[in-house]
Amino acid sequence: MNSFTGQHILSVNQFDREAVEKVFSVADNMTPYAARHKRTTVLEGAILGNLFFEPSTRTRVSFGTAFNLLGGEVRETTGMSNSALAKGESLYDTARVLSGYSDVIAMRHPDIGSVAEFAQGSRVPVINGGDGANEHPTQALLDLYTIAKERQSFGQPIDGLHIAMIGDLKFGRTVHSLATMLSLFSNIKFTLVSPKDLGMPSKVCDVITSAGHELVISDNFEGLSEADICYQTRIQEERFESQEMANQYRGKFRLNQKIYTQHFKSQTVIMHPLPRDSRAEANELDNDLNIHPNLAIFRQTDNGVLVRMALFALILGVAHKVQDFDRAVHWYTNKHQN
Ligand code: NCD
């Protein structure tokens, strides 16, 4: 991808390493705005259409927050039943209409390929906020940005990383997108831990191996003592044919203080795209790790705002102008102080 301006962001396959690093450097510049040390009005007058046809908390709100932090306005549609899709309107028609009301659109939808289909009807850039079990490119960017920051704190680059991805790797779109994007880097070791029936799709495994990375497939926590990142995931119960089918996998790969200490080195960073399923029968990431310094889950969610601000600024062609529209912050703020 040579230029982001006016582009849809539909898949991680659009990115090369240079494009990823470009997003990261713009994201770094967004830090003072996200921390409310100052604000910018560079997108004053611009409108984000935020369309979420599947449940979402952090992705939806962080897209909206990112746009607001750049000075823009947000119009939201949430839930299939609240939109004309429920009356049989096509994605194409919805896209033609809503793109007339927006400068950029972020969209999540339960069907694989739906956001790309929507983009064909859109007159403005569309960002994929998750299309069914397929992809979640902006989550991959924020996960990788977090990995880069965590590694930097140990004086190490992304290259040479050993990552363990754990849980529902079949339906979990975040791991599909993250594994593909990580494959752009050098000498990555992937250990993929899942129940046999919930393994990483072969399409993604092929990307890993054809880029020359090491791939280990496992159904248990052995062999993870050198992993730099432990990336936990939720069983994607909404993608199973029945609740009973999902239930058989719940709680299979729990991580808590005891299991962490037993299987991982003391520097292993713990990540999760969230939401974690905190019900007792699942609980794949226990609250007893909440104050562990290596728990990066809320650094991930904070970084989501920076990365989404960067994408909006790049797509709308204002990344180099953000500071020209600086304003002071007048209210009390202690954001991002621990
Ligand atoms: C993920 C998703 O929606 O794919 N959440 C997110 O966007 N941070 C993961 C999940 O729902 O388990």
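Residues numbered from 1 in each chain as written. Predicted model: local features only at pLDDT ≥ 70, side-chain atom pairs only at ≥ 80, totals over all residues. Heavy atoms only, no water.

A. Main features of the packing of helix H3 (residues 58-69) against helix H11 (residues 297-315). At a minimum axis distance of 8 Å, the contact between H3 and H11 shows a crossing angle of 55 degrees. Taken together, the axes of H3 and H11 lie oblique to each other. As for the relative orientation of H3 and H11, their crossing is right-handed in sense. Contact residues: Arg58, Thr59, Ser62, Phe63, Thr65, Ala66, Phe67 and Leu69 in H3; Thr301, Val305, Arg308, Met309 and Phe312 in H11. Partitioning the contact of H3 with H11 into residue classes produces seven nonpolar, four polar and two charged. (Axes fitted to C-alpha atoms, helices over the stretch in contact; angles between N-to-C directions. Helix = DSSP H or I, 4+ residues; strand = E, 2+ residues; numbered from the N terminus. Parallel < 35°, antiparallel > 145°, perpendicular 65-115°, else oblique. Left-handed = near helix turned anticlockwise from the far one by under 90°. Contact = heavy atoms within 4.5 Å. Nonpolar A, V, L, I, M, F, W, Y, C, P; charged D, E, K, R; others polar.)

B. Looking closely at helix H8 (residues 202-210). Those residues of H8 that fall on the buried side of the exposure criterion are Val204, Cys205 and Ile208. Seen from one end, H8 has its buried residues packed into an arc of 100 degrees, which puts them on one side. Those residues of H8 that are exposed and angled more than 90 degrees off the buried face are Ser202, Lys203 and Ser210. Close packing links the buried residues of H8 with helix H7 (173-182), strand S7 (189-193) and strand S8 (214-218). Immediately beyond the C-terminal end of H8, within one or two residues, lies Gly212, with a positive phi of roughly 85 degrees. (Buried < 20%, exposed > 50% of the residue type's maximum accessible area, 1.4 Å probe, protein only. Arc of directions from axis to C-beta.)

C. Structural detail: the nonpolar core. Val23, Leu144, Ile163, Met165 and Phe312 are the most contacted members of the largest nonpolar core, which totals 69 residues. Two domains each put at least three residues into this core: domain 1 (12-136 + 303-337) and domain 2 (138-298). Once residues lying within four places of it in the same chain are set aside, the contact partners of Leu144 are Val20, Phe24, Ile158, Leu178, Met181, Leu182 and Phe185. In terms of nonpolar packing, the next biggest core, distinct from the first, is built from 17 residues, Ala164, Ala227, Phe253 and Ile297 among them. (Core = buried A, V, L, I, M, F, W, Y, C linked by side-chain atoms within 4.5 Å. Domains from an automatic or database assignment.)

D. Up close: the site of the ligand. Every residue lining the ligand is accounted for by Arg58, Thr59, Arg108, His136, Gln139, Arg173, Thr174, Arg234, Gln236, Pro273, Leu274 and Pro275. A distance of 2.7 Å separates an oxygen atom of the ligand from a polar side-chain atom of Arg173. For the ligand, the protein covers 95% of the area, taking 320 Å² as the surface of the free molecule. Every element with two or more residues in the shell around the ligand is listed here: H3 and H7. The residue makeup of the shell around the ligand, split by class, is three nonpolar, five polar and four charged. Among the domains, domain 1 (12-136 + 303-337) and domain 2 (138-298) are the pair contributing at least three residues each to the shell around the ligand. (Near = heavy atom within 4 Å. Polar contact = N/O pair within 3.5 Å; in protein donor to acceptor, adjacent residues only side chain to side chain. Areas by Shrake-Rupley, 256 points an atom, 1.4 Å probe, with all protein chains shown as cover.)

None of this, on its own, says anything about what the molecule does.
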